[in-house]
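Here's the letter readout for the chains.
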Amino acid sequence: MSEAGSSIALVDVNNFYVSSERAFDPSLEGRPLVVLSNNDGCVITRSPEAKALGITMGTPWFRIAGQAQQWGLEVRSSNYELYGDLSARVMELLGRYTGNLEIYSIDEAFLTLPGPLRAQRVTGAEIRAVVRRNVGLPVCVGIASTKTLAKLANRWAKGNPEFDGVCHWDLVPEDNRRSLLQRLAVSDIWGIGAKNAQSLNALGIDSAWDLAAADPVAIRKRFSVVLMRTVLELQGTSCITGRESTGNEQVLYSRSFAAPVSTRHAMHQALSVYAQGAASRLARKDLQGRVLTAFAATSPFSSGRKSSPTVCVPLPAYTADPLELTRAADTLLPLIEEGVPYIRAGVIVTDLRPAGAQAMLLPPASATRKDTGPLLHDVGRRFGRSAIGLGHAGLKAGSEWTMKRDMLSPHYTTKWSELPVVKAR
DNA sequence: GAGAGGTAG
DNA sequence: GATTCTACCTCTC
């Protein structure tokens, strides 16, 4: 898939959420800092200093909260408004360096870089400097002939300061590459998770070097095409394509509750809020959906009876109307048992189409209320998310189940009232 | 086509 | 006492 004379670069922000917090609060520099998942549930990003304390990814916050003060550990709730905005700024910059930008996640992207290998490395270094200067975030760049190797090079650059944040795999001496591959466990290769790593180990394939030496056809027979592609990529044959659709296949809005919900009444409120969350996400992406799935679930960690009621219902037409979505989500309610402690619920909208196609294909869901969605969206934007909503979604105060975000930093870049103030003298 | 399983960030 | 969320792909039935 890569054209002759071009390579693939993977640009990835170092500890993205932590770096975003530090970009606006330099006092966090050099200190142990973690950012928590939604609902302040568990650790999802750590500064190097926090890693040094032995805090692992996914650690539940309650398990380390008691020691935080003694460690001098700083903690923040995740501030997706801030991270999303910084991400967009980074991606815009990256787009200036390539004709082919594939945004892979909020903090990383693949770029096709043309030209001779050394020129590619120079471009990588420039990207790093420009993102640092313009957005204030540190990135590392890995460059290679395939995505899997670019990932690997990126990881190598991150761990070794002598690379200065940029590693071009094809410019590294062969001996060094071999020794890296021999030291890298298969589970650390992009695309190989715990399950496959275990099965590979059982066959005596322990390192990336071993896997690169494996026969792709044999791997395909015993495992899958996915794993075969990884082998080919390690061997230098590019075969992992970008995601086909640039738009989403589905929109999923789900949250864990701050406290378990065990009444149909509270579940009704939550579903209503989540359906409207899904509706505004659809509106932002200018999409409409035709099928809605609603679900609730009890804790997979508790010893009690587990239950995860689900409904999947067709919508009356392609729509992003919060009223329609809310009504559809409510069909889950009869399956909700009073007294059962649900800890999570969500709404998924699938079978998506661009909203623009609507007029040609089907009449709008309902002519009289087709403007409800944009109206709610607009009012919510201007006066705050809790200013307006349907039914119980217009709650000013959070009820017992709403998300915990006790340690939130300001929305430095997305709310006028929270802009950082710079004092000059 | 739906659901399960796997993987990732 | 307390344990994220979103999205994709492939395989199987």
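What follows concerns the protein's contact with DNA strand B. Lining the immediate environment of DNA strand B, one finds 13 residues, of which Ser105, Asp107, Lys151, Gly191 and Asn196 sit closest. Of all DNA strand B atoms lying within 4 Å of any protein atom, the proportion belonging to sugar or phosphate reaches 100%. Here lysine 151 contributes a side-chain N or O atom positioned 2.7 Å from a phosphate oxygen of DNA strand B. Note that a phosphate oxygen of DNA strand B is positioned 3.2 Å from one of the backbone N or O atoms of glycine 193.

Right, let's talk about the sheet that holds strand β8 (residues 166-168) for a bit. Reading across the sheet, the five strands line up as β5-β6-β1-β7-β8 and stay open at both edges, with mixed pairing between neighbours. Of all the strands in the sheet, just β5 (101-105) and β8 have a single pairing partner and so form its edges. Between one strand and the next, the sheet's axes are offset by a mean angle of 20°, whatever the strand orientation. Sheet analysis places strand β7 (residues 139-144) next to β8, joined by three bridges and oriented parallel. Each residue of the ladder has a partner; that of isoleucine 143, found in β8, is histidine 168. Relative to the sheet, helix α6 (residues 117-135) contacts β1 (6-13), β6 (108-114), β7 and β8, its axis offset from that of β8 by approximately 160°.

Attention now moves to the packing of helix α5 (residues 80-95) against α6. Contact geometry of α5 with α6 gives a least axis separation of 10 Å together with a crossing angle of 140°. By the criterion of interaxial angle, the relationship of α5 to α6 is oblique. Crossing handedness for the pair α5 and α6: right-handed. Together, Leu86, Arg89, Val90, Leu93 and Leu94 of α5 and Ile127, Val130, Val131, Asn134 and Val135 of α6 make up the contact between the two elements. Class assignment of the residues belonging to the contact of α5 with α6 gives a composition of eight nonpolar, one polar and one charged.

By nearness alone, 24 residues border DNA strand C, and Ser37, Leu252, Ser254, Arg255 and Ser256 come closest of all. Across the atoms of DNA strand C situated within 4 Å of the protein, the share located in sugar and phosphate is 74%. Within the side chain of arginine 255, an N or O atom sits 2.8 Å from a phosphate oxygen of DNA strand C. Of all the elements in the fold, those that place two or more residues in the surface near DNA strand C are α3 (61-64), α12 (225-234), β9 (250-261) and α13 (264-285).

Moving on, we come to the confidence of the model for chain A. On average, residues of chain A score 85 in pLDDT, and 87% of them are at 70 or above. Confidence drops under pLDDT 50 across residues 360-370; counting only partners more than four residues distant or on other chains, this segment forms 13 contacts.

This next bit is on the sheet that holds strand β3 (residues 43-46). Paired through their backbone hydrogen bonds, the strands of a sheet run either parallel or antiparallel. With mixed pairing, the three strands of this open sheet are ordered in space as β3-β2-β4. Edge positions in the open sheet fall to β3 and β4 (74-77), since each of these has one partner strand only. Averaged over neighbouring strand pairs, the angle between their axes works out to 25° when direction is ignored. Where strand β2 (residues 33-36) and β3 come together, three bridges link them in antiparallel fashion. Its bridge partner lying in β3, valine 34 is registered against arginine 46.

Before going further, it helps to spend a moment on the pairing of β1. Within a regular strand, side chains alternate between the sheet's two faces. Taken across its eight residues, β1 has eight buried, putting it largely inside the fold. Going residue by residue along β1, you find Ser6, Ile8, Leu10 and Asp12 tucked away on one face and Ser7, Ala9, Val11 and Val13 tucked away on the opposite face as well. Two elements, β1 and β6, share seven bridges in a ladder whose sense is antiparallel. Across the sheet, the residue bridging to serine 6 is proline 114, located in β6.

With that settled, the discussion passes to the packing of helix α1 (residues 16-24) against α5. Contact geometry for α1 and α5: axes closest at 10 Å, N-to-C directions at 90°. It follows that α1 is roughly perpendicular to α5 by the angle criterion. Of the residues in α5, those touching α1 at Phe16, Tyr17, Ser20, Glu21 and Phe24 are Tyr80, Leu82, Tyr83, Leu86 and Ser87. Residue composition of the contact of α1 with α5, grouped by class: seven nonpolar, two polar and one charged.

The rules behind the values
Throughout this document, residue positions are counted from 1 along each chain, in the order its sequence is written. All chains are assigned letters beginning at A, and all ligands numbers beginning at 1, according to the order in which they are written. Note on the predicted model: pLDDT of at least 70 is required for a residue's local features to be given, and 80 or more for side-chain atom pairs to be given and counted; whole-chain, interface and lining totals, by contrast, use all residues. Just so you know, side-chain values use all the structure's heavy atoms and leave hydrogens and water out. Near residues are defined by distance, with any heavy atom within 4 Å of the molecule or strand qualifying the residue. Two N or O atoms form a polar contact when they lie within 3.5 Å of each other; inside protein one atom must be a possible hydrogen donor and the other a possible acceptor, and for residues adjacent in sequence the pair counts only when both atoms belong to side chains. In this scheme, strands are said to pair when DSSP sees at least two bridges between them. The secondary structure listing takes helices from DSSP runs of H or I that are at least 4 residues long and strands from runs of E that are at least 2 residues long, numbered from the N terminus. The convention used is that axes are lines fitted to C-alpha atoms, helices contributing only their stretch in contact, and that angles between N-to-C directions extend from 0 to 180 degrees. In this analysis, two residues are considered to be in contact whenever any of their non-hydrogen atoms come within 4.5 Å of each other. Just so you know how the angles are binned, under 35 degrees is roughly parallel, over 145 roughly antiparallel, 65 to 115 roughly perpendicular, and the rest oblique. Take the far helix as your reference; a near helix turned counterclockwise from it by less than a right angle gives a left-handed crossing, and one turned clockwise gives a right-handed crossing. Residues are grouped as follows: nonpolar covers Ala, Val, Leu, Ile, Met, Phe, Trp, Tyr, Cys and Pro; charged covers Asp, Glu, Lys and Arg; every other residue, Gly included, is treated as polar. Known as pLDDT, the predictor's confidence for each residue is given on a scale from 0 to 100. Exposure categories follow from relative accessible area, calculated using a 1.4 Å probe and restricted to protein chains: below 20% of the type maximum is buried, above 50% is exposed, and the middle band is partly exposed.

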